Amino acid sequence: MGEDLELLKQRIPLLRYLRRHHWGGRPAAVRSEFVGLCPLHEDTRPSFYVNPRKNLFYCHGCGQGGDLIRFVQLSQHLSFRQSLAYLQEELAPSAQLLKHTAAFYQFELHRYPEGIQYLAQRGVHDAALIEELGIGYARGGNMRPHLQQLGYSLERLLELGLIRPQGQDAFCRRVIFPCRQQDRIVNLYGRSVTDAFPHRLLPRSKGGLFAWQSVRQFRNLILVEGLFDLAVLWQAGFRNTTCAIGTHLTPTQLAQLCENPDRCVYIAFDHDENQAGQRAADSLLQVLDQAGLKIRLVGLPAGHDPNSYFVAGASAQDFAHLLEEAPSL
Ligand SMILES: [Zn+2]
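Conventions we followed
Residues numbered from 1 in each chain as written. Predicted model: local features only at pLDDT ≥ 70, side-chain atom pairs only at ≥ 80, totals over all residues. Heavy atoms only, no water. Donors = N, O, S within 2.8 Å, 3.2 Å for Na, K, Ca; no water. Tetrahedral: all angles 85-135°; square planar, octahedral: opposite > 155°, others 65-115°. Helix = DSSP H or I, 4+ residues; strand = E, 2+ residues; numbered from the N terminus. Buried < 20%, exposed > 50% of the residue type's maximum accessible area, 1.4 Å probe, protein only. Phe/Tyr/Trp six-rings, centres within 6.5 Å; stacked < 30°, edge-to-face > 60°. Core = buried A, V, L, I, M, F, W, Y, C linked by side-chain atoms within 4.5 Å. Contact = heavy atoms within 4.5 Å. Pairing = 2+ DSSP bridges. Axes fitted to C-alpha atoms, helices over the stretch in contact; angles between N-to-C directions. Parallel < 35°, antiparallel > 145°, perpendicular 65-115°, else oblique. Left-handed = near helix turned anticlockwise from the far one by under 90°. Nonpolar A, V, L, I, M, F, W, Y, C, P; charged D, E, K, R; others polar. Expected span 1.5 Å × (residues − 1). Polar contact = N/O pair within 3.5 Å; in protein donor to acceptor, adjacent residues only side chain to side chain. Salt bridge = Lys/Arg side-chain N within 4 Å of Asp/Glu carboxyl O.

> Give me the lowdown on the coordination of the zinc ion, citing residues and values where you can.
Each protein donor to the zinc ion is listed here as C38 (SG), H41 (ND1), C59 (SG) and C62 (SG); together their distances run 2.0 to 2.3 Å. The coordination sphere of the zinc ion comprises four donor atoms, whose angles at the metal cover 98 to 124°; the geometry is tetrahedral. Donor residues binding the zinc ion come from one chain and are separated in sequence as C-x2-H-x17-C-x2-C. With C38 in the loop between β2 (34-36) and β3 (48-51) and C62 in the loop between β4 (56-59) and β5 (65-66), this pair connects stretches of sequence that are 24 residues apart. Look at C62 and you get partly exposed, because its relative accessible area is 30%.

Listed below in structure tokens is the structure:
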């Protein structure tokens, strides 16, 4: 924690923060300090001093002084913890807010049976895996006060799409999977536990391939469409599975698959009669083939995706057999 604080203060020097917030201080006569009107009280004579080397401020008018975090506490009327969240947000807009949102939903999963019941129905029951993937549950209607208490404004929640323009939560009665890129959450995927609009992402990039940091080491990869496909495969021991969240790959996701030219990708998409889905999968295959990757098509029984295949009783051996039999493109 102490180290993180120091890092945070180094990454946002106090003087730069003040400048960005329109503080008009000028170099003072003494020891390379800066002086200007105090942003913390009604100041008429410049009495607010900043020492950029020590990264500290002091006001001779109101007697307040300290570091960047202290300044944020005083100027934004936030608690210590809220100030940290506020500053993290300055560094990486949205990442911190998404992290707080995901943590809230993760906590909520254990408060309402609905989420766990839905996961069980989709064949996901391993508690350690649920924890590892950071899966949560959005009941809807209770996230806003929690985030506002942490210092996020309603405008930020609207901007990020967590609250819809009409005022209701974007995620309501949904199982939530946080999507990470490196260690930062870049989006949230919500699967409805009812039949209404089954899939929902926040209106921003879905980022790279799911869990890329942990799967990129594998030479043989299994690529699936949905996060429930990924969850059951990880649960069955196929940790080399990643997910594009849909059949359309973003340029980032494509570049990730292609970063190792020796890679073999097992495509395990939904084998349904959905023409649009089939076309999307076909065009993806062409792109991957042109990129020089080895492609193998996993022949799931008609009407099945990996998730429904396992829910219907298939075992890890059954799936391993499908992989062995998968024809090359
Ligand atoms: Zn002052």
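> Go over the packing of aromatic side chains with me, naming the residues and quoting the values.
Tallying each qualifying case throughout the model produces 14 aromatic pairs. Seen from their ring centres, F48 and F57 are 5.3 Å apart, and the 20° between their planes marks the pair as stacked. Between Y105 and F171, the ring centres sit 6.3 Å apart and the planes meet at 90°, which makes this aromatic pair edge-to-face. Here Y105, found in helix α5 (residues 95-109), pairs with F171, found in the loop between α9 (154-160) and β7 (174-181); they are 66 residues apart in sequence, far enough to count as distant. A relative accessible area of 1% places Y105 in the buried class. For F171, a relative accessible area of 0% puts it in the buried group.

> Describe the nonpolar core, listing the residues and the values that go with them.
Judged by nonpolar contacts, the single largest core of 59 residues is most densely connected at L133, V175, I222, L223, L257, V298 and F319. Per element, the largest residue contribution to this core is seven residues, and it comes from helix α11 (residues 227-235). In contact with L133, other than residues within four places in its own chain, are F177, P178, R180, F210, L230, A231 and W234.

> Outline the pairing of strand β12 (residues 264-268), listing residues and values.
The buried count for β12 comes to five of five residues, which makes it a mostly enclosed element. Judged by which residues are buried, β12 turns out to be covered on both faces: C264, Y266 and A268 on one side and V265 and I267 on the other are all buried. As paired strands, strand β10 (residues 220-224) and β12 are joined by five bridges and run parallel to one another. Paired with L221 across the two strands is V265, which belongs to β12. Relative to strand β13 (residues 294-297), β12 runs parallel, the two sharing four bridges. Across the sheet, the residue bridging to V265 is I295, located in β13.

> I'd like a rundown of the packing of helix α1 (residues 2-11) against helix α4 (residues 80-91), residues and numbers included.
One can describe the packing of α1 onto α4 by two numbers: an axis separation of 11 Å at closest approach and a directional angle of 45°. Overall, the two elements α1 and α4 adopt an arrangement that is oblique. Between α1 and α4 lies a crossing of left-handed hand. When α1 is examined against α4, the residues L5, L8 and R11 are found in contact with a partner set consisting of F80, L84, L87, Q88 and L91. In the contact of α1 with α4, the residues fall into six nonpolar, one polar and one charged.

> Quick rundown of the sheet that holds β3? Include the residues and the values.
Spatially, β1-β2-β3-β4-β5 is the arrangement adopted by the five strands of the open sheet, whose pairing is antiparallel. The strands lining the two open edges of the sheet, one partner per strand, are β1 (26-27) and β5.

> So, the pairing of β4: which residues are in play, and what are the values?
Of the two faces of β4, only one is covered, namely that formed by F57 and C59; the face formed by L56 and Y58 stays uncovered. In this sheet, β4 lies alongside β3 in antiparallel orientation, the contact comprising four bridges. Bridging from a neighbouring strand, F48 pairs with C59 of β4. Examined bridge by bridge, β4 and β5 share two bridges and lie antiparallel to one another. Bridging from a neighbouring strand, F57 pairs with G66 of β5. Hairpin connection, β4 to β5: the antiparallel pair is bridged by five residues, and G63 has positive phi, about 80°.

> Which residues make up α4, and what are the values?
Helix length check: α4, at 12 residues, gives a terminal C-alpha distance of 17 Å against a target of 16 Å (1.5 Å per residue), a fit within 8%. The secondary structure elements touched by the buried residues of α4 are α1, α2 (14-20), α3 (68-76), α5, α8 (143-149) and α9.

> Tell me about the side chain of N187, residues and numbers included.
Tracing the chain through its elements places N187 in strand β8 (residues 184-192). One polar contact links the side chain of N187 to the main-chain carbonyl oxygen of S205, over a distance of 3.1 Å. In this view, N187 contacts L98, F177, P178, C179, L201, L202, R204, S205 and K206; residues no more than four positions away in its chain are not counted.

> Before we move on, can you summarise the pattern of salt bridges with the specific residues and values?
Enumeration over the complete set of coordinates arrives at seven salt bridges. A salt bridge links R239 to E132, with the nearest nitrogen and oxygen atoms 2.5 Å apart. Taken together, the residues R239 in the loop between α11 and β11 (241-243) and E132 in helix α7 (residues 127-132) connect sequence positions 107 residues apart. Using a relative accessible area of 32% as the deciding quantity, one classes R239 as partly exposed. A salt bridge links E259 to R216, with the shortest nitrogen-to-oxygen separation between them at 3.2 Å. Of the two residues, E259 is situated in the loop between α12 (251-258) and β12 and R216 in the loop between α10 (212-215) and β10; the sequence distance between them amounts to 43 residues. We classify E259 as partly exposed; its relative accessible area is 38%. One salt-bridge network, in which partners are shared between bridges, spans E6, K9 and D67.

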